[in-house]
Amino acid sequence: MTVEIFTPDNPPQVKPAPVDESLVADRKSRTEFNKLQKRLRRLVGQAIADYNMIEDGDKIMVCLSGGKDSYTMLDVLLSLQMSAPIKFDIVAVNLDQKQPNFPEDVLPKYLTERGIPHFILEKDTYSIVKELTPEGKTYCAVCSRLRRGSLYGFAQEIGATKVALGHHRDDIMATLFLNLFHGGKLKAMPPKLLSDDGKNILIRPLAYCEEKDIIEYARYKAFPIIPCNLCGSQENLQRAKINDMLREWDKKHTGRLESIFRAIQNVAPSQLADRELFDFENLRSTSQPAAKPRDDRLLDMVNLML
């Protein structure tokens, strides 16, 4: 793996991306953009506060893919960094997966012009994903696993205390329904997570942000978007179908998505049926004696009847 480092000893003042002036030429457009920017800043700030995502002295590794979400996350974090009451560092990291026709100059040019310390990791995960994915299956599982391994390991190398991912509110809900419909699990994406190896804290600062706001923000900022030639090239992905369902609900049922996201934050384990999550076995009323040791004879009888 080759690592190209773009971190000057005395970097210039970091600058958030400028607004496309042609889109805010009149007072109404400027007002709409300002409201959008304030809303995103407020929601990101609220998510950071609610989940204690960023602490004084943190070094945040922002994973930048070249898509609208990660560009927006980086831009908003840079903006908040300037006014935050605590001090934290930001370094952008892009994993160049060696996809065909990937424009290698776009991200280094963008980040250098903004004065943002950054690293470009070069690792041919594209070929590995193509090789390991069976015909007709989606690339997502293998691709994300390889990506995570490379990025999490690099976070340790550069001393990052947090790894910031660009998943937004709609991604979290889509994951919930993917697991519900196809995985038999009530599971989504938490705003803050300890990696499986226990070495990295992952944060999702856009957890409260709607995708439609991010799309609009990216349009105003004219980010140099780089399309994905892996999962983006496959048709009939289940996630795409779920996203279409959520967008349709958003159009037809005002407030439904907000209610779904609140439900993810308001879980009642005793009202579900997970025996690992709630102790149904020893549940007793206050008028009943304490639970006796488990008697498996009833279960044995049921098994004999089957």
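Owing to the predicted nature of the structure, the values given are computational and were not obtained by experimental measurement.

Observations regarding the overall build of the protein chain
Scanning the protein chain from N- to C-terminus turns up 10 helices and seven strands. When burial is assessed residue by residue, the protein chain has 39% of its 306 residues classed as buried. For the protein chain, the share of sequence-separated contacts (at least 6 apart) that also reach a separation of at least 24 residues comes to 78%. In the form shown here, the protein chain has an accessible surface area of approximately 18100 Å², with 52% of it arising from carbon and sulfur atoms.

Some thoughts on a nonpolar patch on the surface
Residues Leu180, Phe181, Leu186, Val267 and Leu272 make up a contiguous nonpolar surface patch of roughly 480 Å² in combined accessible area. With relative accessibility at 51%, the residue Val267 sits in the exposed group.

Quick look at the packing of helix α6 (residues 169-183) against helix α8 (residues 238-252)
Close contact between α6 and α8 brings their axes to 9 Å; oriented N to C, the two are set at 115 degrees. You can see that α6 and α8 cross each other, and the crossing is right-handed. Side by side, α6 and α8 meet where Asp170, Asp171, Met173, Ala174, Thr175, Phe177, Leu178, Phe181 and His182 of the first sit next to Gln238, Arg239, Ile242, Asn243, Met245, Leu246 and Trp249 of the second. Broken down by class, the residue content of the contact of α6 with α8 amounts to nine nonpolar, four polar and three charged.

Quick word on empty space enclosed by the protein
Per the stated rule, a full pass over the model turns up one cavity of 30 Å³ or more. A volume near 30 Å³ is recorded for the largest cavity. If you trace the largest cavity, you find it lined by Asn94, Asp96, Phe102, Pro103, Glu104, Val106, Leu107, Pro108 and Ile120. The dominant element in the lining of the largest cavity, judged by the number of residues it contributes, is helix α3 (residues 106-114), at three residues. Along the lines of polarity and charge, the residues of the lining of the largest cavity split into six nonpolar, one polar and two charged.

Notes on α8
For α8, which comprises 15 residues, the first-to-last C-alpha distance of 21 Å matches the rise-based estimate of 21 Å (1.5 Å per residue) to within 8%. Turning to α8, its buried residues number three or more, namely Ile242, Asn243 and Leu246. Angularly, the buried residues of α8 cover 100 degrees about the axis, an arc narrow enough to put them on a single face. Of the residues in α8, the exposed ones pointing more than 90 degrees away from the buried face are Lys251 and Lys252. As for α8, its buried residues are in contact with α6 and α9 (256-264).

Details of the pattern of salt bridges
Counted by the stated rule, this structure contains 18 salt bridges. For Glu248, the salt bridge identified is with Lys252, shortest N-O distance 3.1 Å. Taken as a pair, Glu248 and Lys252 lie in helix α8 at a separation of four residues, close to a single helical turn. Relative accessible area serves as the criterion here: at 60%, Lys252 is assigned to the exposed category. Connected through salt bridges with shared partners, the residues Arg169, Asp170, Glu210, Lys212, Asp250 and Glu258 form a single ionic network.

Comments concerning unusual backbone geometry
For Asn52, which is not a glycine, the phi torsion comes out positive at approximately 50 degrees. Along the chain, Asn52 turns up in the loop between α1 (27-50) and β2 (59-63). Its relative accessible area of 38% is what places Asn52 among the partly exposed residues. One non-glycine residue, Ala222, adopts positive backbone phi at about 55 degrees. Topologically, Ala222 is positioned in the loop between α7 (211-221) and α8.

What about the layout of surface pockets?
In this structure, the second largest pocket spans a volume of roughly 380 Å³. Ranked by residues supplied to the lining of the second largest pocket, first place goes to α9 with three residues. By residue class, the composition of the lining of the second largest pocket is 11 nonpolar, one polar and two charged.

Some words on the nonpolar core
Val44, Ile54, Val62, Leu74 and Leu77 are the most contacted members of the largest nonpolar core, which totals 55 residues. Excluding anything up to four places from it in sequence, Val62 contacts Met73, Leu74, Leu77, Ile90, Val91, Ala92, Val93 and Ala164. Core analysis: the second largest hydrophobic core is formed by 16 residues, Val93, Ile158, Ala160 and Leu165 among them.

Quick notes on the packing of aromatic side chains
Going through the model one piece at a time under the given rule, you end up with 12 aromatic pairs. With centroids separated by 5.6 Å and ring planes inclined at 45 degrees, the aromatic side chains of Phe177 and Phe181 adopt a geometry described as tilted. Residue Phe177 and its partner Phe181 are located together in helix α6, separated by four residues, close to a single helical turn. Each member of the aromatic cluster is reached from another via a ring pair, and the members are Phe33, Tyr71, Tyr110, Tyr217, Tyr220 and Phe223.

The rules behind these values
Residues numbered from 1 in each chain as written. Predicted model: local features only at pLDDT ≥ 70, side-chain atom pairs only at ≥ 80, totals over all residues. Heavy atoms only, no water. Helix = DSSP H or I, 4+ residues; strand = E, 2+ residues; numbered from the N terminus. Buried < 20%, exposed > 50% of the residue type's maximum accessible area, 1.4 Å probe, protein only. Contact = heavy atoms within 4.5 Å. Areas by Shrake-Rupley, 256 points an atom, 1.4 Å probe, with all protein chains shown as cover. Patch = residues over 30% accessible without salt bridge, like charges linked within 9 Å, V, L, I, M, F, W, Y side chains within 5 Å. Salt bridge = Lys/Arg side-chain N within 4 Å of Asp/Glu carboxyl O. Axes fitted to C-alpha atoms, helices over the stretch in contact; angles between N-to-C directions. Left-handed = near helix turned anticlockwise from the far one by under 90°. Nonpolar A, V, L, I, M, F, W, Y, C, P; charged D, E, K, R; others polar. 1 Å grid on protein atoms, 1.4 Å probe; cavity = no way out; pocket = protein on both sides within 12 Å on 5 of 7 lines; lining within 4 Å. Points joined across faces, edges and corners; volume = space filled by probe spheres on them. Expected span 1.5 Å × (residues − 1). Arc of directions from axis to C-beta. Core = buried A, V, L, I, M, F, W, Y, C linked by side-chain atoms within 4.5 Å. Phe/Tyr/Trp six-rings, centres within 6.5 Å; stacked < 30°, edge-to-face > 60°.

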